[in-house]
Amino acid sequence: MKWTEQQIPRQDGRVAVVTGANTGLGFETARRLAERGASVVLAVRDTAKGKAAAARMNGDVSVRELDLTSLDSVRAAAAGLRASHPRIDLLINNAGVMYTPKQTTRDGFEMQFGTNHLGHFALTGLLLGLLLPVPDSRVVTVSSTGHRIRAAIHFDDLQWERSYGRVSAYGQSKLANLMFTYELQRRLAAHGTTVAVAAHPGVSNTELVRNAPAAVRRPVTWLAPVITQPATAGALPTLRAATDPSVLGGQYYGPDGLGEVRGYPKLVMSSPESYDLTVQQRLWAVSEDLTGVRFPVGQAAAAA
């Protein structure tokens, strides 16, 4: 049976925070959650664009400033959410950048690793206390098939200071998203309330490709109707990971078509490298050190 948006359960009384929700996949994810009754917070860098996006949605939608390239902004956003919301049911780590030229975040991290992984790592750690008491609360992190392409966690040069390849750097950040999800789930397991799940949209026709090299961007633009799916379809794996009652912690959802490029969401497998427990735990420790964020679930819970 194909999973479609009609199978999203009612979300009345639930609070969902969606990063990067002013456009593309994040917009479609937030819109559908709001239509199903959730109170949705659009956590976005540009609040003007966020408010314009909220005006196009039906339901209880608010906007919170969040710049994942700045740990100060992440901390401020988390503090604001803790002050305004006694609970969070869904944290959807959707925002991301792809194939950017070599540049750094405000904290000196390589842009793709800093935004896609470290920013979300810090945000999740700072908000997790609002999810842990809530039954069936979920942290959903959006990865990519790019986690398989030239991807490894380069502990000897995480910030790509010696050499930079935008495709490899993107692959590292998306592999980190998965490793974060799997290690987080191990640490959550003993609590029995919150789970960590991952998803990927296949190849979706969104603004994310705007930073790709011309040799990649032009063919994707020309062939978009054939090789991509619209954001409405690309958001479905995230929505299934966030709302399907049958979802289990540590699972990964993506399209069911050939090569997971397009189609309806199903349970999929990530690369063999993503399941390396030693690398997951090392990445976690390094991420804590880089962000200064410690999670309220520790290694003892992970071993339980």
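Provided above is the structure to which this section pertains.
Remember, it's a predicted structure, so these values are computed and weren't measured experimentally.

Asker: Any chance you could break down the nonpolar core for me, citing the residues and the numbers?
Answerer: The nonpolar side chains of soluble globular proteins are, as a tendency, buried together. Judged by nonpolar contacts, the single largest core of 41 residues is most densely connected at Leu 127, Leu 128, Leu 184 and Phe 295. Looking at this core, the elements that each hand over two or more residues are strand E2 (39-44), helix H3 (71-84), helix H4 (111-131), helix H5 (166-188) and helix H9 (277-291). When residues in this core are grouped by element, the largest group, 10 residues, is from H4. Those residues in contact with Leu 184, other than ones at most four positions away along the chain, are Thr 124, Leu 128, Val 139, Ala 196, Trp 284, Phe 295 and Val 297.

Asker: Residues and numbers for the sheet that holds strand E8 (residues 265-267), please.
Answerer: Within the open sheet, the 8 strands sit side by side as E3-E2-E1-E4-E5-E6-E7-E8. Their pairing is mixed. Two strands bound the open sheet, and with one partner strand each, they are strand E3 (61-65) and E8. Each strand axis lies, on average, 20° off the axis of its neighbour in the sheet, ignoring direction. The pairing of E2 with E3 spans 5 bridges and is classified as parallel.

Asker: Tell me about the pattern of salt bridges, and name the residues and values.
Answerer: Here the structure, examined in full by the defined rule, presents 15 salt bridges. The partner of Lys 2 in a salt bridge is Asp 256, with the nearest N and O atoms 2.8 Å apart. Separated by 254 residues along the polypeptide, Lys 2 in the segment before strand E1 (15-19) and Asp 256 in the loop between strand E7 (252-255) and E8 bring together distant segments of the chain. Linking Arg 10 and Asp 12 is a salt bridge whose minimum nitrogen-to-oxygen distance equals 2.9 Å. Arg 10 sits in the exposed class, given a relative accessible area of 52%. Connected through salt bridges with shared partners, the residues Arg 14, Arg 87 and Asp 89 form a single ionic network.

Asker: An account of the packing of aromatic side chains is requested, with residue identities and associated values reported.
Answerer: Taken as a whole and assessed by the stated rule, the structure comprises 9 aromatic pairs. Ring centres of Trp 284 and Phe 295 lie 4.6 Å apart, and the angle between their planes is 55°; on these two criteria the pair is classed as tilted. Taken together, the residues Trp 284 in helix H9 and Phe 295 in the loop between H9 and helix H10 (299-303) connect sequence positions 11 residues apart. Given the relative accessible area of 9%, Phe 295 is considered buried. Joined through ring pairs, the aromatic side chains of Phe 121, Phe 180, Trp 284 and Phe 295 make up one cluster.

Asker: Run through the packing of H5 against H9, naming residues and quoting values.
Answerer: Closest axis-to-axis distance for the H5/H9 pair is 9 Å, and the angle between their directions is 90°. Classified by the angle between their axes, H5 and H9 sit roughly perpendicular to one another. Residues Ala 176, Met 179, Phe 180, Tyr 182, Glu 183, Leu 184, Arg 186 and Arg 187 of H5 pack against Leu 277, Val 279, Gln 280, Gln 281, Leu 283 and Trp 284 of H9. Residues that form the contact of H5 with H9 fall into these classes: 9 nonpolar, 2 polar and 3 charged.

Conventions we followed
Position numbers for residues count from 1 along each chain, tracking the sequence in the order it is written. The model is predicted, so local features are restricted to residues of pLDDT at least 70 and side-chain atom pairs to those at 80 or more, both for listing and for counting; the totals for chains, interfaces and linings are taken over all residues. With hydrogens and water excluded, all non-hydrogen atoms of the structure serve as input to the side-chain values. Among buried residues, those of type Ala, Val, Leu, Ile, Met, Phe, Trp, Tyr and Cys that are joined through side-chain atoms within 4.5 Å constitute a nonpolar core. Under the scheme applied here, a residue whose accessible area is under 20% of the maximum for its type counts as buried, over 50% as exposed, and between as partly exposed, the area being computed with a 1.4 Å probe on protein chains only. Counting from the N terminus, the helices are DSSP H or I runs at least four residues long and the strands are E runs at least two residues long. Every residue pair with non-hydrogen atoms within 4.5 Å of one another is taken to be in contact. In short, DSSP must find at least two bridges between two strands for them to pair. To obtain each axis, a line is fitted to C-alpha atoms, and for helices this fit is confined to the stretch in contact; angles are then taken between N-to-C directions over 0 to 180 degrees. Here, a salt bridge means any Lys or Arg side-chain nitrogen found within 4 Å of an Asp or Glu carboxyl oxygen. Centres within 6.5 Å make a pair out of two Phe, Tyr or Trp rings, where for Trp the six-membered ring is used; the pair is then stacked when the planes are under 30 degrees apart, edge-to-face when over 60, and tilted otherwise. Working rule for angles: under 35 degrees goes down as roughly parallel, over 145 as roughly antiparallel, 65 to 115 as roughly perpendicular, anything else as oblique. Under the convention adopted here, Pro, Cys and the residues Ala, Val, Leu, Ile, Met, Phe, Trp and Tyr are nonpolar, Asp, Glu, Lys and Arg are charged, and Gly plus all remaining residues are polar.

Keep in mind these numbers describe shape, not what the thing actually does.
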